[in-house]
Amino acid sequence: MKAAVLQFPGSNCDRDMVEGFRGAGFDVATVWHKDTTLPDGIDIVGVPGGFSYGDYLRCGAIAAQSPIMRAVADFAVWGGHVLGVCNGFQVLCETRMLPGVLMRNARLKFVCRTEPLIVATSDSPFTRAYEAGQQIEIPIAHHDGNYQIDDDGLVALRGEDRIAFTYADNPNGSRADIAGVLSANRRVLGMMPHPERAVEAAHGGTDGAPLFAALAGALVAA
Amino acid sequence: MTEPTITPEIIAAHGFTDDEWAEVNAILGRAPNFTEMGIFSAMWNEHCSYKSSKKWLRTLPTEGPQVICGPGENAGIVDIGDGQCVVFKMESHNHPSYIEPYQGAATGVGGILRDVFTMGARPIAAMNALSFGQVDHPKTRQLVNGVVEGIGGYGNCFGVPTIGGEIRFHPAYNGNCLVNAFAAGLADTDKIFYSAASGVGMPVVYLGAKTGRDGVGGATMASAEFDDTIEEKRPTVQVGDPFTEKRLLEACLELMETGAVISIQDMGAAGLTCSAVEMGDKGGLGIKLTLDAVPQREENMSAYEMMLSESQERMLMVLNPDLEDQARAIFEKWDLDFAIVGETIAEDRFLIIHGNETVADLPLSKLASTAPEYDRPWVETPAAEPLADVPQIDPIDGLRALVASPNYCSRAWAYQQYDSQVMADTIRAPGLGAGVVRVHGTNKALAFTSDVTPRYVKANPVEGGKQAVAEAFRNLCAVGAKPLATTDNMNFGNPQKPEIMGQFVGAIKGIGEACLALDTPIVSGNVSLYNETDGTGILPTPTIGAVGLLDSVDDLIAGTARDGHVLLLVGETTGHLGQSALLYEVFNREDGDAPHVDLEAERRNGDFIRDNREWIGACTDLSDGGLALAAFELANAAGTGITLDVADTATLFGEDQARYLISTSFDKAEALMIAAGRAGVSIVTVGKVGGEAIRIGGSEAPLAELSDIWSSTFATHFG
């Protein structure tokens, strides 16, 4: 299994995501934002957290226009798997690979803490190692994690069981407590919480590890 | 370009005394021009020259087998074994933060991060020690919000975990808040970069962001007292760009791998001037700069402005000319400026060319080495008046008052605005004493803490100085880390007042004694003087940042108290209430002496904790608020009640030093008692863990009630 983790100039969780994938048995390549193609034989693309281009405008807006994101969008169109975490989720929304937008947190402050999440569906290659309804603890760290979507969009997400995670105790004002959503083909996941920060005992919790393990299992089988 | 005529007003505005100005003229054998005057003022102000403090800083212990590089470079370097080292320093950004809190604090973080990565170290941890005025002062709310957001805004984007710090409130900081930023980085011991230039005719390269007019004269501003013209000083505060800093970090580390860097120095206070002089002076070389080549983001900048600009995210480097193309390519990859702006020269000259004209021609070594040094008059701080009677207080009432006070409530409101987990190596998050990060890719870890109790320092500078080091030592021992070394950030008032200078001298003496006794040499530091507004000084605040090593993450003491545990108090209790938190918060009194620090006991008790970690369930050191507050903190972290078999106010709230509170099972408690007997360490049982209430003496309250107050107080004030 091979993963590619993107590197924007302001990515700062790229190394953490690389190690999250490696820990689950992936070979990982890092891909520079100015590149126009992904390496051959990639099973999944990781879009990591950070501040892609400083995010002085809307978070992820400039990254969405970067050369490598065109390649990632193509990869997804052809059925490739993509995981976007935190800033990566913002980038995926800005490229319209996922619906909705991420606005400034309702309390207008950056928030970093470990947060209880509810696994809303186990029907995806990312979440199949969890039970639907299971509560897990995953760190969050963001200023703009307030997920918003229009009424029709929310009906669609619910109807298609595409809400991957919800917050048990909404920290940012997200509509319907949404913490992560899936694409229509269920192969693209964007989430604000950082599963890669909870994969080893030393992190104080390992609830993120099943996500990477599930991916490894799903992609081997594929 | 026409330069202004130098008038006595302009000379005074640049901070020169009459004697200093005469000295400048004598060194040159002529009158300096306007640009040259600016360069001298930048090098000779208190902030850059340490002219009032040098004499005393030299007395600090700075050596030890663990020390690779002590004070004098951008940051101190300490060996952590296996070919790796930790590089760290703490620095103040007090004056800018008071004038413009967000940018002041942000650029404080940016500056200290650059100090660390300019030496070749990747930053792995940051902390911030903050002092604000009283909570209901009209400026405090804005300052707290702005400073905390600025720290988060910069550190979060840059991508360094902020894992600790302090926040205090006291009216003495009403007109001068303190923002002390700490950063630590990790490097290989054979890949450290220093600032000394070498080789004649080597290219001097400018790296990073473009130069603007921001911060012109910042270092001079930071060396003056405030008065009611403070609003006029806002343009001297720099603006931070953490995204550029992040790229500068990655580009510099990549560049260092190539072998192209002969020496490198970040541009901090007094920007281009200070960095160029530093590199030349340390290398025994002259420097020639051509300002036309400096990347500029504003038009028509004068030589004076460029030499004194404090634009952020810039570095100066002496380059190996054979690798120029490779070096340039790295900076182009990261979309950063890379410009050859000068060269090293053999003569002792600091030669500045602008528009084909020589705009400054100064003897370089004199700029640094002949900076004035003062032996300022000082008077010993008089012994504190003895403590007046302190009435007994209901233990729960006393505890409730502490947890409801802005000084001792939870700091989560602030530290949750900082990313404490980026890099995925944080193994002990903020809020529980020292923060701990794993050394990436190894099983080792580093612990970080910052401490000082300014009330103590004011009452008794020597004991207060000792106490700051001792408390830092204790915080490290309480998580099982071996204290390695320290950095000092000395924040004081006007050194031209003998009583303020006396505080400084006393604190240095205490810090020196403690660092020697506890084997934690000072390896870096910073002095911030003139923290006064309209003639009133701050509490003397020598912040100590300390670093400790855990050989294995398994050695971390990070457990929580459990139902059925017993509570053991390590260290002697006499019930010292002078200058205590209880006295200040409950009785609104600041009298009595600071607690005495027995450095032998500190060392013995700290060693005892580390040597016996296997018997320890949970551990916390005792500091402000004494036994009662420490017990509450253990109970709160565990979410379980405790009972203390003590009712006496002095015993519960006294702040005797060298003490730890341990929670552990009955069997392990016995083993600890035996070990303590052997080690000559005082240990007593003071209570037990269990239930849902805090019971002290005959009094009690539900833990949930006290925890709610503790958790919500900060937001109530600053929301």
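The rules behind the values
Residues numbered from 1 in each chain as written. Chains lettered and ligands numbered in written order. Predicted model: local features only at pLDDT ≥ 70, side-chain atom pairs only at ≥ 80, totals over all residues. Heavy atoms only, no water. Helix = DSSP H or I, 4+ residues; strand = E, 2+ residues; numbered from the N terminus. Rg over C-alpha atoms; globule rule 2.2 N^0.38 Å. Buried < 20%, exposed > 50% of the residue type's maximum accessible area, 1.4 Å probe, protein only. Contact = heavy atoms within 4.5 Å. Pairing = 2+ DSSP bridges. Axes fitted to C-alpha atoms, helices over the stretch in contact; angles between N-to-C directions. 1 Å grid on protein atoms, 1.4 Å probe; cavity = no way out; pocket = protein on both sides within 12 Å on 5 of 7 lines; lining within 4 Å. Points joined across faces, edges and corners; volume = space filled by probe spheres on them. pLDDT = per-residue confidence, 0-100. Buried area = accessible area lost by both parts, 1.4 Å probe. Salt bridge = Lys/Arg side-chain N within 4 Å of Asp/Glu carboxyl O. Polar contact = N/O pair within 3.5 Å; in protein donor to acceptor, adjacent residues only side chain to side chain. Nonpolar A, V, L, I, M, F, W, Y, C, P; charged D, E, K, R; others polar.

(A) Summary view of the overall build of chain A. Each helix and strand in chain A was counted, giving five helices and 11 strands. Expected size for 222 residues packed as a compact globule is a radius of gyration near 17 Å; at 15 Å, chain A falls within 12% of this value. Its C-alpha atoms give chain A principal-axis dimensions of roughly 40 × 35 × 35 Å. In chain A, which comprises 222 residues, the share counted as buried stands at 59%. Relative to all contacts within chain A whose residues are 6 or more apart in sequence, the contacts with residues 24 or more apart total 73%.

(B) Quick peek at the sheet that holds strand S7 (residues 135–142) of chain A. Residues and elements named next belong to chain A. Taken together, the nine strands give an open sheet; going across it, the order is S2-S1-S3-S4-S11-S10-S9-S6-S7, and neighbouring strands pair in mixed fashion. A single partner strand is all that each edge strand has here, and the edge strands are strand S2 (27–32) and S7. Strand-to-strand twist across the sheet, computed as the mean angle between neighbouring axes with direction ignored, equals 20°. In this sheet, S7 lies alongside strand S6 (residues 111–119) in antiparallel orientation, the contact comprising eight bridges. Within the sheet, the bridge partner assigned to Thr 114 lies in S7 and is Pro 139. Against the sheet, helix H3 (residues 87–94) makes contact with strand S3 (44–47), strand S4 (81–85), strand S10 (178–182) and strand S11 (188–191), and its axis sits at roughly 120° relative to S4, the strand it touches most. Against the sheet, helix H4 (residues 151–159) engages strand S9 (163–167) and S10, with an angle of about 70° to S10.

(C) Layout of empty space enclosed by the protein. All names here are of chain A. The full count for this structure, using the stated rule, is five cavities of 30 Å³ or more. As a volume, the largest cavity reaches approximately 130 Å³. What lines the largest cavity is a set of 19 residues, among which Gly 50, Phe 51, Cys 86, Ala 141 and His 142 lie closest to the centre. Of all the elements in the fold, those that place two or more residues in the lining of the largest cavity are H3 and S7.

(D) Representation of the confidence of the model for chain B in the model. The predicted model of chain B has a mean per-residue pLDDT of 94, with 97% of residues at 70 or higher. Overall fold confidence (pTM) sits at 0.96, and the ipTM for the predicted complex is 0.96.

(E) Region of the structure containing the interface of chain A and chain B. Chain A puts 28 residues into the contact, and the matching count from chain B is 32 residues. In total, about 2400 Å² of surface goes out of reach between chain A and chain B, with carbon and sulfur atoms giving 51% of it. At the junction of chain A and chain B, the tally comes to five salt bridges. Two residues, Asp 419 of chain B and Arg 197 of chain A, come together in a salt bridge whose shortest N-O distance is 2.9 Å. Linking chain A to chain B there are 18 residue pairs in polar contact (both at pLDDT 80 or more). For the side of chain A that touches chain B, the secondary-structure elements that each account for two or more residues are helix H1 (14–23), S6 and S7 of chain A. With four residues, the single largest contributor to the side of chain A that touches chain B is S6 of chain A. Considered class by class, the residues forming the side of chain A that touches chain B number 12 nonpolar, seven polar and nine charged.

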